[in-house]
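Coordinates in review
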Amino acid sequence: MAKLWRRLLVLLIGGVIAVPYAAVVIWAVTASDRVGNRADSLTIIVVGIIAFALLCIPAFLAVIRALERTLAEQLLELSIPTPPRRPRTADRLRGALFYFGHTFAGALLLLTIVVLVPAAVVLAVDPQQAHELSDGLIGTDTSLAATVLPAGLIQTLAVGILLMCIAIIVVEGYFLPNYALILLGLSAADRAELAGRERARRFRRTVLAREVHDSIGHALTVTTMQAAVAKRALQTDPTSAEAAVDEIARTGREAVAELDHVLALLRAEADLEADDDAVIGAETAQQPRRTSEDIEVLAEEARSVGHPTQLRISGDMGSLPAAVAHELHRIVREALTNSLRHASEPGASVSISVDARVVTLTVSNACVVGTRGARINAGAGRGLQGISERVELFGGEVRWTADGGSWTLEAVLPTTSGAAANTGTATTNGAARVTDE
């Protein structure tokens, strides 16, 4: 019942809006009839048409469409998203169509309440009124004393017209929410744009989750292992214990710097909402350019906690685009973190090959097929998911296998397409370097 009253209220508001239009029409008709001069009558009709046209202009304004949308949301309990852009011509036409439909439906409701219902009641209760209306409306043939339209038929028509108007009002009220959603809701272009923005928001959330997992997860893994080394060497080898504590401090400082970067991304979220094109650039903004020395630091961190790591770099990493070098560093870091956590035996092998078109990374360590670590390495962990997302973002390929007691991760990043194309292309350098424990 409450829903019915709210819909009737919406129609009644439309009737109030229709009053100025009805007033202009009534004035033009009555004034032109009273004027005997044909030219003056035509002038009044033209003035009435101009006034009516001026009253129609607000229907095409964006503010009126916004007000109609607010009215529909409040009284019809609809959820109509705000368009993500300024209204276009098609949007204004749809808004005007709802406005005029709302106004017509309201005018019909107001006419029914104010005119038809009282008239039908009077004609039904007092048949004499029907006779007088018959004489005045149709006229009487005095010579035959016969009424052209019988009074009983007038009563029947009055009730029929009333019921027809009520039926139309009921149908209008029933379909009113549907019309509001269609005419005041989002267009196909709006829905596509909002869907794109939602995908961008999900992408940013994925980026932030990946940043936290990769940076903080690696730092915690190394710190935990260094703490274990320091505890074991505290009594027997104070120098090694001190070195482990220094490594913990260095790793902690790097983790704080990474966390500051992630917090900066969070603070910039509102700006990224307004500029979705900056999503990828924001991820790598204000990051230091990674070199082979940074990769060597990762290998040295693994060695310092008793995880012998062999690093081979073939080609010139300095020729890599900054974005590719940055992502390569993070992939190596995550791969070594997984190796530290899940390798069945200490030790890992890292191989990086740079050529003119791609950079290929291969990381392998020992594993026992069927163990929980092997299952995680087989793709269930969030770390591997993050690596896959990073590689796919650059249009590369990644695969991993656990076979013959060895776990192997291989990633290929293009250096001349996708995100890398914005920062230059790679060149080949024949130098090769092998670093062992």
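Sequence order as written defines the numbering, with residues in each chain counted from 1. In keeping with the predicted nature of the model, local features appear solely for residues at pLDDT of at least 70, side-chain atom pairs appear and are counted solely at 80 or more, and the whole-chain, interface and lining totals rest on all residues. Calculated side-chain values reflect all of the structure's heavy atoms, with hydrogen atoms and water omitted.

Counting its secondary structure elements, the protein contains 14 helices and eight strands. The 437 residues of the protein split such that 39% are buried. Only heavy atoms matter for contacts: two residues are in contact if any of them lie within 4.5 Å across the pair. When contacts within the protein are restricted to residue pairs at least 6 apart in sequence, those whose partners lie at least 24 apart make up 74%. Computed with a 1.4 Å probe, the accessible areas rest on the Shrake-Rupley method; for each residue, only the protein chains presented here act as cover. Summed over all atoms, the accessible surface of the protein reaches about 23,300 Å², with 63% contributed by carbon and sulfur. Secondary structure is summarised from DSSP: a helix means a run of H or I of at least four residues, a strand means a run of E of at least two, and numbering begins at the N terminus for each. Buried means the residue's accessible area, taken with a 1.4 Å probe over protein chains only, is under 20% of the maximum for its type, while exposed means over 50%, and partly exposed covers the values in between.

The subject of this paragraph is a nonpolar patch on the surface. A contiguous nonpolar surface patch, about 540 Å² in accessible area, is contributed by Leu9, Leu12, Ile13, Leu111, Ile113, Val114 and Val115. Secondary structure elements with two or more residues in the nonpolar patch: α1 (2–34) and α4 (89–125). Broken down by element, the nonpolar patch gets its largest block of residues, four residues, from α4. Residue class for leucine 12 comes out partly exposed when judged on its relative accessible area of 33%. In this scheme, patches are assembled from residues that exceed 30% relative accessible area and form no salt bridge. Like charges are connected within 9 Å, while nonpolar side chains (Val, Leu, Ile, Met, Phe, Trp, Tyr) are connected within 5 Å. Salt bridges are defined by distance alone: a side-chain nitrogen of Lys or Arg within 4 Å of a carboxyl oxygen of Asp or Glu.

Moving on, we get to the environment of leucine 320. Note that leucine 320 resides in the loop between β3 (309–314) and α12 (322–342). A sequence separation of 30 residues divides leucine 320 from arginine 290, and the C-alpha atoms of the two residues are 9.5 Å apart.

Further remarks concern the confidence of the model for the protein. Confidence along the protein averages 78 in pLDDT terms, with 82% of residues attaining 70 or more. Within the model, pLDDT remains below 50 along residues 276–285, and this stretch shows 23 contacts once partners closer than five positions in the same chain are excluded. Per-residue confidence from the predictor is reported as pLDDT, a score between 0 and 100. Of the regions scoring below 50 in pLDDT, residues 417–437 engages in 50 contacts with residues more than four places distant in sequence or in other chains.

Fitting a line to C-alpha atoms yields each axis, with helices limited to the stretch in contact; the angle taken between N-to-C directions then spans 0 to 180 degrees. At a minimum axis separation of 9 Å, helix α7 (residues 188–233) and helix α11 (residues 292–304) run at an interaxial angle of 35°. Residues His218, Val222, Gln226 and Val229 of α7 pack against Leu298, Glu301 and Ser304 of α11. Gly counts as polar in this scheme, as do all residues outside two lists: the nonpolar Ala, Val, Leu, Ile, Met, Phe, Trp, Tyr, Cys and Pro, and the charged Asp, Glu, Lys and Arg. Its residues placed into classes, the contact of α7 with α11 shows three nonpolar, three polar and one charged.

Quick look at the packing of aromatic side chains now. To pair, rings of Phe, Tyr and Trp, with the six-membered ring standing in for Trp, must have centres within 6.5 Å; the planes then decide the type, stacked if under 30 degrees apart, edge-to-face if over 60, and tilted in the middle. This structure, assessed with the given rule, holds five aromatic pairs. Taking the centre distance of 5.4 Å and the plane angle of 70° together, the rings of tyrosine 21 and phenylalanine 52 count as edge-to-face. Pair noted here: tyrosine 21 is in helix α1 and phenylalanine 52 is in helix α2 (residues 38–56), with a separation of 31 residues, a long-range link. Aromatic side chains tyrosine 99 and phenylalanine 100 sit 5.5 Å apart centroid to centroid with 75° between the ring planes, which places their arrangement in the edge-to-face category. Each residue in the set Phe60, Tyr99 and Phe100 is aromatic and connected to the rest through ring pairs, giving one cluster.

Turning to unusual backbone geometry, a few remarks are in order. Backbone geometry places glutamate 77, a non-glycine residue, at a positive phi of 55°. Structurally, glutamate 77 can be placed in the loop between α3 (62–75) and α4.

Attention shifts here to α12. Multiplying 1.5 Å by the helix residue count minus one yields the expected span of that helix. With 21 residues, α12 should reach 30 Å at 1.5 Å per residue; the first-to-last C-alpha distance of 30 Å fits that figure. Across the 21 residues that make up α12, a large majority, 19, are buried.

Quick look at the nonpolar core now. Nonpolar side chains tend to gather and get buried jointly when the protein is soluble and globular. Only buried residues count toward a nonpolar core, which is a set of Ala, Val, Leu, Ile, Met, Phe, Trp, Tyr and Cys residues joined through side-chain atoms within 4.5 Å. By size, the foremost hydrophobic cluster in this structure holds 31 residues, and its most contacted members are Leu320, Leu328, Val332, Val350, Ile352, Val359 and Leu361. In terms of residues, this core owes the most to one element, α12, which gives eight residues. Those residues in contact with valine 350, other than ones at most four positions away along the chain, are Thr309, Gln310, Leu311, Arg312, Val332, Leu336, Leu361, Thr362 and Val363. With 21 residues, the next largest nonpolar core counts Leu108, Ala120, Leu176 and Leu184 among its residues.

Moving on: the side chain of serine 187. Structurally, the position occupied by serine 187 is in the loop between α6 (151–184) and α7. Beyond its immediate chain neighbours, meaning those up to four positions away, serine 187 contacts Arg85, Asp91 and Arg94.

Let's shift gears to the pattern of salt bridges. Opposite charge on two side chains makes pairing possible when the charged atoms of those side chains draw close. The final tally for this structure, using the stated rule, is five salt bridges. For glutamate 77, the salt bridge is made with arginine 6, and the minimal N-O distance between the two is 3.1 Å. Of the two residues, glutamate 77 sits in the loop between α3 and α4 while arginine 6 sits in helix α1, which places them 71 residues apart along the sequence. Glutamate 77 gets classed as exposed once you look at its relative accessible area, which sits at 55%. When salt bridges that share partners are traced, they join Glu296, Glu300 and Arg303 into one network.

We now examine the pairing of strand β7 (residues 406–414). A regular strand places its side chains so that they alternate between the two faces of the sheet. A pair of strands is considered paired only if DSSP assigns at least 2 bridges between the two. As judged from the nine bridges shared by strand β5 (residues 358–366) and β7, these two strands associate in the antiparallel manner. Bridging from a neighbouring strand, alanine 366 pairs with serine 406 of β7. Note: strand β6 (residues 397–403) against β7, seven bridges, orientation antiparallel. Considered in β7, the bridge of threonine 401 is made with threonine 408. Turn length for the β6-β7 hairpin, with the two strands adjacent in sequence and antiparallel, is two residues, and the turn residue glycine 404 shows positive phi of about 65°.

So, about the environment of valine 398. Along the polypeptide, valine 398 turns up in strand β6. Along the backbone, valine 398 and leucine 409 are 11 residues apart, and their C-alpha atoms lie at a distance of 7.5 Å. Setting aside chain neighbours within four positions, we find valine 398 in contact with Ile387, Ser388, Val391, Leu409, Glu410 and Ala411.

Attention now goes to the environment of glutamine 385. Mapped onto the fold, glutamine 385 is located in helix α14 (residues 382–393). For glutamine 385 and arginine 210, which are 175 residues apart along the polypeptide, the C-alpha to C-alpha distance reads 8.9 Å.

Our focus in this paragraph is the pairing of β5. Alternating positions in β5 separate cleanly, Val359, Leu361, Val363 and Asn365 being buried on one face and Val358, Thr360, Thr362, Ser364 and Ala366 remaining unburied on the opposite face. Two strands pair when backbone bridges link them, and strand β4 (residues 348–354) and β5 are joined in this way by seven bridges, in the antiparallel orientation. When the bridges of β5 are listed, serine 349 appears paired with serine 364.

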